[in-house]
Amino acid sequence: MKRIVIVGSQWGDEGKGKITDYLAQRAEVVVRYQGGNNAGHTVVFDGNKYSLHLLPSGIFNPKIKNVMANGMVIDPKGFVDEISKIETPYQIYISNRAHVVLPFHKKIDEVNELMKADQKIGTTHKGIGPTYTDKFARTGLRMAAFINPQLFKSYLENELPYKNKILSDAGFDTFDIDEVFETYQTYAKQIEKHVCDTSLLLNQWIEEDKKILFEGAQGIMLCVDHGTYPFVTSSSPTAASVPLNTGIAPWLLEGSVGVTKAYTTRVGEGVFPSEISGDLAHEIRERGHEYGTTTKRPRRIGWLDTVVLRHAKRVSGLSFLAVTLLDVLSGVKTLKIVTHYKLDGIIIDYVPADVHTYEKCIPVYETLPGWDEDITGVTSFDQLPEQAKNYLNRLSELVNVKIGMFSVGPDRVQTVEIEEIF
Ligand code: IMP
């Protein structure tokens with residue numbers, strides 16, 4: 001496959017950055033297509049660890065063209081901070097149709113959360129929801145207008161009074177038009193050389209038969225359409241959203257890799273049927289370094305849930321699974337996998353659309369024996385202990401998708417390919 005999308009099949013943080021980084025070694029183009037710096041992609045190679053939030057995971061390879069497509073919401077300050085830390089030469093292209101996150105979007109994100117009392121979503125406070133709200137309310141700012149001083153100024157003059165009203169009503173400080181303009185002009189000056197029509201470029205590169213990786217952020221259970229609404233993000237991480245969010249025809253995408261942890265995690269609020277607590281959750285959290293890359297919040301831990309993965313397969317399409325953090329399960333005596341849910345005494349195999357019904361679902365588990373061996377040095381499927389092989393095989397069977405690759409540690413070299421995907 002020459003054009004594939006890497007999607008998160010759970011609630012985000014599945015290790016998409018690692019899988020993208022690994023496959024990107026063969027890519028010519030890497031594209032981020034939704035979300036913003038709410039994402040946190042960790043990439044480890046040559047003994048160094050890097051955290052990416054906005055930048056595509058191909059940024060460390062000077063030969064790769066990195067695209068931030070029209071479906072993204074881009075915080076100019078976040079971008080400038082992040083790109084200034086990249087020490088190697090890089091290629092980056094930013095869509096002139098991507099929307100811009102401004103400082104008041106971040107404040108309004110906080111206000112919205114405060115107003116929700118016990119219904120908080122637990123957002124990253126990066127202004128993602130308010131920026132997408134503006135986009136769809138047709139009151140947002142595209143990159144093309146942001147880098148034009150007249151258009152940017154007039155946008156602030158029109159919009160900022162409304163935003164200030166929301167902020168002052170909530171008892172927050174307001175923003176001064178000139179101050180925002182001056183500060184953000186300095187970012188615009190640093191960004192403008194990267195801004196272009198990325199749809200034109202992508203279509204040209206597709207005609208040239210280049211290998212392209214589309215890199216999803218968050219996970220399908222956080223999709224604004226197919227996730228656990230309203231405890232979701234404000235974009236769609238599915239494969240289906242790639243064409244719209246990048247400006248290519250749907251049939252040009254050739255397949256998708258669903259990244260899943262060997263267990264499940266979730267940050268922020270919301271239903272999580274297979275959640276576990278106590279010593280085992282603590283152990284997995286510590287061993288898997290399960291703390292948010294963006295917010296440092298401890299992640300909630302749960303067993304692998306194949307109802308969630310089948311849902312991901314239905315709404316996004318999964319050509320292969322990539323299973324990450326398999327090594328973290330070493331030493332767990334008995335492993336549990338959710339096969340179905342029980343809702344009001346009836347076995348179901350779908351994710352209910354409303355979270356209240358979803359909260360009533362009781363997971364139905366299957367148990368499998370675990371393994372004790374340290375598997376962090378394994379370089380092929382055959383080297384895995386029998387129990388680990390059985391665990392992967394059973395997962396593949398339950399989701400009815402081939403396991404394309406798995407990983408046994410954070411480093412790029414701790415990734416094992418079973419199938420040639422890309
Ligand atoms: P927002 O995207 O900041 O609006 O946050 C909405 C929800 O998505 C919250 O529950 C966040 O914790 C969650 N979320 C957003 N980005 C990520 C991510 O990259 N990984 C995991 N959860 C995320």
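Our subject in this report is the structure included herewith. (Residues numbered from 1 in each chain as written. Predicted model: local features only at pLDDT ≥ 70, side-chain atom pairs only at ≥ 80, totals over all residues. Heavy atoms only, no water.)

**Topic: helix H7 (residues 177-191)**
In an α-helix, one turn spans 3.6 residues; hence positions three or four apart end up facing the same way. The terminal C-alpha atoms of H7, which comprises 15 residues, lie 20 Å apart, in line with the 21 Å expected from a rise of 1.5 Å per residue. Its axis deflected by about 25° at Gln-185, H7 carries its strongest bend there. Within H7, the full set of buried residues consists of Val-180, Phe-181, Tyr-184, Gln-185, Tyr-187, Ala-188 and Ile-191. For H7, the elements touching its buried residues are helix H2 (76-83), strand E7 (91-95), helix H3 (103-115), helix H5 (143-146), helix H6 (149-169) and strand E9 (195-196). Where H7 begins, the capping side chain belongs to Asp-176, and its oxygen is found 3.3 Å from the backbone nitrogen of Asp-178. (Helix = DSSP H or I, 4+ residues; strand = E, 2+ residues; numbered from the N terminus. Expected span 1.5 Å × (residues − 1). Bend = angle between axes of the 7 residues up to and from the residue. Buried < 20%, exposed > 50% of the residue type's maximum accessible area, 1.4 Å probe, protein only. Contact = heavy atoms within 4.5 Å. Polar contact = N/O pair within 3.5 Å; in protein donor to acceptor, adjacent residues only side chain to side chain.)

**A closer look at the pairing of strand E11 (residues 255-261)**
Of all seven residues in E11, seven are buried; the element is thus mostly enclosed. The alternating pattern of E11 places Gly-255, Val-257, Val-259 and Lys-261 and Ser-256, Gly-258 and Thr-260 on opposite faces, both of which are buried.

**Some thoughts on the site of the ligand**
In the vicinity of the ligand there are 16 residues, among which Asp-13, Asn-38, Thr-124, Thr-233 and Arg-297 approach most closely. In this structure, an oxygen atom belonging to the ligand sits 3.5 Å away from a main-chain N or O atom of Ile-121. Here Thr-124 contributes a side-chain N or O atom positioned 2.6 Å from an oxygen atom of the ligand. Here the residues of the shell around the ligand sort into six nonpolar, eight polar and two charged. Each of domain 1 (3-76 + 199-417) and domain 2 (99-193) gives at least three residues to the shell around the ligand. (Near = heavy atom within 4 Å. Nonpolar A, V, L, I, M, F, W, Y, C, P; charged D, E, K, R; others polar. Domains from an automatic or database assignment.)

**Thoughts on the packing of H3 against H6**
Their axes nearest at 11 Å, the elements H3 and H6 cross at an angle of 20°. Taken together, the axis directions place H3 and H6 in an arrangement best described as roughly parallel. Handedness of the H3/H6 crossing: left-handed. Residues Phe-104, His-105, Lys-107, Ile-108 and Val-111 of H3 form the contact with H6, whose own contacting residues are Tyr-155, Leu-156, Leu-160, Lys-163, Ile-166 and Leu-167. The residue makeup of the contact of H3 with H6, split by class, is eight nonpolar, one polar and two charged. (Axes fitted to C-alpha atoms, helices over the stretch in contact; angles between N-to-C directions. Parallel < 35°, antiparallel > 145°, perpendicular 65-115°, else oblique. Left-handed = near helix turned anticlockwise from the far one by under 90°.)

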